[in-house]
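The lines below spell out each chain.
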Amino acid sequence: MKHNVKLEKEAMRVLKETSRTFYIPITLLKKELRLTVGSAYLCMRAIDEIEDHETMEKDIKARLLRETKTLLLKEGSFDKEAYMDLVRPYEDVFPEVTLRLAEWLDVCPEGIVEQVKQSTAEMAGGMADWVEKDFAVNTKEDLDDYTYYVAGLVGVMLSHIWEWYDGTETDRDLAIGFGRGLQAVNILRNQEEDMEERGVSFMPEGWTRDDLFVYARENLAKGDEYLKSIKTRTITLFCKIPLALAKRTLKAMEEGKEKMSRIEVEEVVEQVKSE
């Protein structure tokens, strides 16, 4: 593999700082798979941080996303210099995970890196469209489209990784539903914050918060179905943990809590690991 030990450690450090939900299950994977999933997640998170920036003008965000997409789709190795030229004017604005996108690709094994680049490019293009639309979710179809680009695509990319790793085959639509379910829980959790800080609502017209709970549950049920086709224990464990955390988070919100406590998170993880 082309990566080095120092960069592997850096990737895991940034991963831990970037995602509480996925860091834990990623660390439970075997080394090759851990590096692959970790680097893939970091690449997509790098893109997400551009889309999600609270103060940057939308035309700048859309341009950066589209130009990053072009670089990712270009044949051959990723042009690190061109990417740095693109983001350098904003190095005081973007987090480390975004500025080091090229390095996360270096961590990814050669046999799957092109797929990771392709999936990340698709996400960048879809997010650019949504930035230009000011995240105007009016219908369920809009919500499905948005949640596909920000989360369903993660499920699709992971399915490609499982197949590359040991031939595990999973259903694409169930993978998308799984991702959508996790994202719907995030939308519910951040609903007030999104409105106050970004002036954005991901609630289709005519929907209530209860409708969004139903949407989340229906898609998380696809996550349960998705798991049935996976026989590799570490992959099953990886998928079960965020699914269980999402379900428990829904329950906590229904009980009037904003989120789960750190102790509750640890309890869920230990319960899944002991099953």
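Just so we're clear, the structure is a prediction, and the values are computed from it rather than from any experiment.

An account of unusual backbone geometry is requested, with residue identities and associated values reported.
Phi at D134 is positive, roughly 55°, even though this residue is not glycine. Assignment of secondary structure puts D134 in the loop between α8 (110–132) and α9 (140–166). A residue is classified by how much of its surface remains accessible, and D134, at 48% relative accessible area, is partly exposed. One non-glycine residue, F135, lies in positive phi territory at about 55°. Under the relative-accessibility criterion, F135 is labelled buried at 7%.

Hey, could you go over the pattern of salt bridges for me, with residue numbers and the actual values?
Evaluated as defined, the whole model comprises 26 salt bridges. Taking the shortest distance from any N to any O, the salt bridge between E67 and R63 comes out at 3.5 Å. Here E67 pairs with R63, and both are found in helix α4 (residues 58–73), just four residues apart, close to one helical turn. On the basis of relative accessibility, which here comes to 34%, the residue R63 falls in the partly exposed class.

Could you give an account of the packing of aromatic side chains, with specific residues and numbers?
A complete count under the given rule lists 12 aromatic pairs for this structure. Summarising the aromatic geometry, the rings of F135 and Y146 are spaced 6.2 Å apart at their centres and angled 90° between planes, so their arrangement reads as edge-to-face. Of this pair, F135 sits in the loop between α8 and α9 while Y146 is found in helix α9, placing the two residues 11 residues apart along the sequence. Y146 sits in the buried class, given a relative accessible area of 4%.

Lay out a positive patch on the surface in plain terms, naming residues and giving numbers.
On the surface, R20, R189, K259 and R262 cluster together to form a positively charged patch. Relative to the helices and strands, R20 resides in helix α2 (residues 20–27).

With reference to specific residues and values, describe the packing of helix α12 (residues 209–227) against helix α13 (residues 233–254).
The geometry of α12 relative to α13 is characterised by a closest axis approach of 11 Å and an angle of 160° between their N-to-C directions. Between α12 and α13, the crossing angle belongs to the class labelled roughly antiparallel. For the pair α12 and α13, the crossing hand works out as left-handed. Contacts from R209, F213, A216, R217, L220, G223, D224, Y226 and L227 in α12 reach T236, C239, K240, L243, A246, K247, L250, M253 and E254 in α13. Partitioning the contact of α12 with α13 into residue classes produces 10 nonpolar, two polar and six charged.

About the cut-offs
- Counting from 1, residues in each chain are numbered in the order their sequence is written.
- Restriction of local features to residues with pLDDT of at least 70 applies here, the model being predicted, together with a cutoff of 80 or more for giving and counting side-chain atom pairs; totals for whole chains, interfaces and linings are based on all residues.
- With hydrogens and water set aside, each side-chain value is computed from the structure's full complement of heavy atoms.
- Working definition: helices are DSSP H or I runs of at least four residues, strands are E runs of at least two. Numbering for both runs from the N terminus.
- Working definition: with a 1.4 Å probe on protein chains only, accessible area under 20% of the residue-type maximum means buried, over 50% means exposed, and in between means partly exposed.
- By salt bridge we mean one thing: a side-chain nitrogen of Lys or Arg within 4 Å of a carboxyl oxygen of Asp or Glu.
- The pairing test for Phe, Tyr and Trp rings, Trp by its six-membered ring, is centres within 6.5 Å, and the orientation test on the planes gives stacked under 30 degrees, edge-to-face over 60, and tilted for anything in between.
- Patch membership is restricted to residues that have no salt bridge and whose relative accessible area is over 30%. Joining uses 9 Å for like charges and 5 Å for the nonpolar side chains Val, Leu, Ile, Met, Phe, Trp and Tyr.
- Method for areas: the Shrake-Rupley scheme with a 1.4 Å probe, in which residue coverage is limited to the protein chains shown.
- Charge counting treats Lys and Arg as positive and Asp and Glu as negative, with His and both chain ends excluded.
- By convention, charge coordinates are those of NZ in Lys, CZ in Arg, CG in Asp, or CD in Glu.
- All axes here are fitted lines through C-alpha atoms, helices being fitted over the stretch that makes contact, and every angle between N-to-C directions spans 0 to 180 degrees.
- Any angle that falls under 35 degrees is termed roughly parallel, while one over 145 is termed roughly antiparallel, one within 65 to 115 roughly perpendicular, and all others oblique.
- Each helix crossing is assigned a hand: it is left-handed if the near helix lies turned anticlockwise from the far helix by less than a right angle, otherwise right-handed if that turn is clockwise.
- The contact definition used throughout considers only heavy atoms, calling two residues in contact when any of these lie within 4.5 Å.
- Amino acid classes used here: Ala, Val, Leu, Ile, Met, Phe, Trp, Tyr, Cys and Pro are nonpolar; Asp, Glu, Lys and Arg are charged; the rest, including Gly, are polar.

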